[in-house]
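Fold and geometry: a report
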Amino acid sequence: MGKRMFRSPVVRAGLACAVVVSMLALYWFQPWKLFTDTYVDEAVPRVATTSVSPAPAASAATPTPAASAAAPAANEILTAGEFVTHEHRTTGSAEIHRLADGRHQLVIRDLDTSNGPDLRVWLTDQPVIRGTAGWRVFDDGEWVELAKLKGNKGNQVYELPASVDPGDFRSVSIWCKRFAVSFGAADLTSA
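Conventions used here
- The numbers attached to residues start from 1 for each chain and follow its sequence in the written order.
- Local features in a predicted model are, by the rule used here, given only for residues with pLDDT of at least 70; side-chain atom pairs are given and counted only at 80 or more, and totals for whole chains, interfaces and linings are based on all residues.
- Excluding hydrogens and water, the side-chain values take into account all heavy atoms of the structure.
- Counting from the N terminus, the helices are DSSP H or I runs at least four residues long and the strands are E runs at least two residues long.
- Three exposure classes are used, based on accessible area relative to the maximum for each residue type with a 1.4 Å probe and protein chains only: buried under 20%, partly exposed in between, and exposed over 50%.
- A contact between two residues is defined here by any heavy atoms of the two lying within 4.5 Å.
- Areas reported here follow the Shrake-Rupley algorithm with a probe of radius 1.4 Å; residue values treat only the protein chains shown as occluding.
- Each reported salt bridge corresponds to a side-chain nitrogen of Lys or Arg within 4 Å of a carboxyl oxygen of Asp or Glu.
- Two aromatic rings from Phe, Tyr or Trp, using only the six-membered ring of Trp, form a pair when their centres are within 6.5 Å; if the ring planes differ by under 30 degrees the pair is stacked, by over 60 it is edge-to-face, and anything between is tilted.
- Here, nonpolar core refers to any group of buried Ala, Val, Leu, Ile, Met, Phe, Trp, Tyr and Cys residues whose side-chain atoms link them within 4.5 Å.
- When DSSP finds two or more bridges between a pair of strands, those strands are recorded as paired.

Turning next to the overall build of the protein. Check the secondary structure of the protein and you find 3 helices and 10 strands. The N-to-C order of helical and strand elements in the protein reads α-α-β-α-β-β-β-β-β-β-β-β-β. Out of the 191 residues in the protein, the part that is buried amounts to 36%. Long-range pairs, those at least 24 residues apart, make up 67% of the contacts in the protein with a sequence separation of at least 6. Put simply, the protein shows about 11,600 Å² of open surface, and 59% of that area lies on carbon and sulfur atoms.

If you want it as structure tokens, here you go:
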């Protein structure tokens, strides 16, 4: 009876459908990512610290004010914030840096979140709301996708496109594009 059952076209079609559904579910959910981590440790731009030092005595070697003005400005942190957990436990911090050459970068430090399918780094104009109420708010307003998340752990740096004004955005989200949900997010406030 068992051998005859597998000869039935209905049983064969059912088995074929089960295999296709299983393959699609594996592709869609990628459950193996729950057990794997991707570590990233990129060089973070140095930021000038302000220190008080005595003014040098005037000499012939001292540059004129015009020469000092031509020197490049130092890198600086414009905004910063700590990640809060949304769909998955997320810790670390985010900073927007203005580099001496005028470019902007998003720096994520000590990120620790779950790996997942189709994770992206978004800058958004939405406030960070703690808990489940904050999971899906980031695609409600203006947002810009910087890139795919390089890794779910470590330090990473993302270039902001020249067309993006960092002042237009108030948060960063680790966004799961496949399920339209935030794994974690950080409010960006003036540093």
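Below, the discussion takes up the pattern of salt bridges. Here the structure, examined in full by the defined rule, presents 9 salt bridges. A single salt-bridge network, built from bridges that share partners, covers Asp118, Arg120, Glu145 and Lys177.

Glancing now at the packing of aromatic side chains. Taken as a whole and assessed by the stated rule, the structure comprises 3 aromatic pairs. Aromatic side chains phenylalanine 138 and tryptophan 175 sit 6.4 Å apart centroid to centroid with 85° between the ring planes, which places their arrangement in the edge-to-face category. Separated by 37 residues along the polypeptide, phenylalanine 138 in the loop between β5 (119–124) and β6 (143–148) and tryptophan 175 in strand β8 (residues 171–176) bring together distant segments of the chain. Of the two residues examined, phenylalanine 138 and tryptophan 175, each falls in the buried class.

This brings us to unusual backbone geometry. Even without being glycine, aspartate 110 reaches a positive phi, approximately 50°. By the element assignment, aspartate 110 lies in strand β4 (residues 104–112). For alanine 180, which is not a glycine, the phi torsion comes out positive at approximately 50°. Residue placement: alanine 180 occurs in the loop between β8 and β9 (181–187). Since its relative accessible area comes to 27%, alanine 180 is described here as partly exposed.

A few words on the nonpolar core. Residues Phe83, Leu106, Ile108, Val121, Leu123, Leu146 and Val172 are the most contacted members of the largest nonpolar core, which totals 23 residues. Counting residues per element, the ones that place at least two in this core are β3 (91–98), β4, β5, β6, β8 and β9. Those residues in contact with leucine 106, other than ones at most four positions away along the chain, are Ala94, Glu95, Ile96, Val121, Leu146, Gln156, Val157, Tyr158, Leu160 and Val172. Core analysis: the second largest hydrophobic core is formed by 7 residues, Trp122, Val128, Val137 and Ala185 among them.

With that settled, consider the pairing of β3. β3 sits mainly inside the fold: 6 of its 8 residues count as buried. Sheet topology note: the strand β2 (residues 76–85)/β3 ladder contains 6 bridges and is antiparallel. Along β3, the bridge assignment pairs threonine 79 with isoleucine 96. The turn linking β2 back onto β3 is made up of 5 residues. The sheet contact formed by β3 and β4 spans 7 bridges and is antiparallel. Residue isoleucine 96 lies in a different strand from β4, and its bridge partner there is leucine 106.

Here the focus is the pairing of strand β7 (residues 153–159). Two faces belong to every sheet, and in a regular strand the side chains alternate between them. Most of β7 sits inside the fold, with 6 of its 7 residues counted as buried. As defined by bridge partners, β4 adjoins β7 across 6 bridges and the pair is classed as antiparallel. Looking across to β7, one finds that leucine 111 is bridged to glycine 154.

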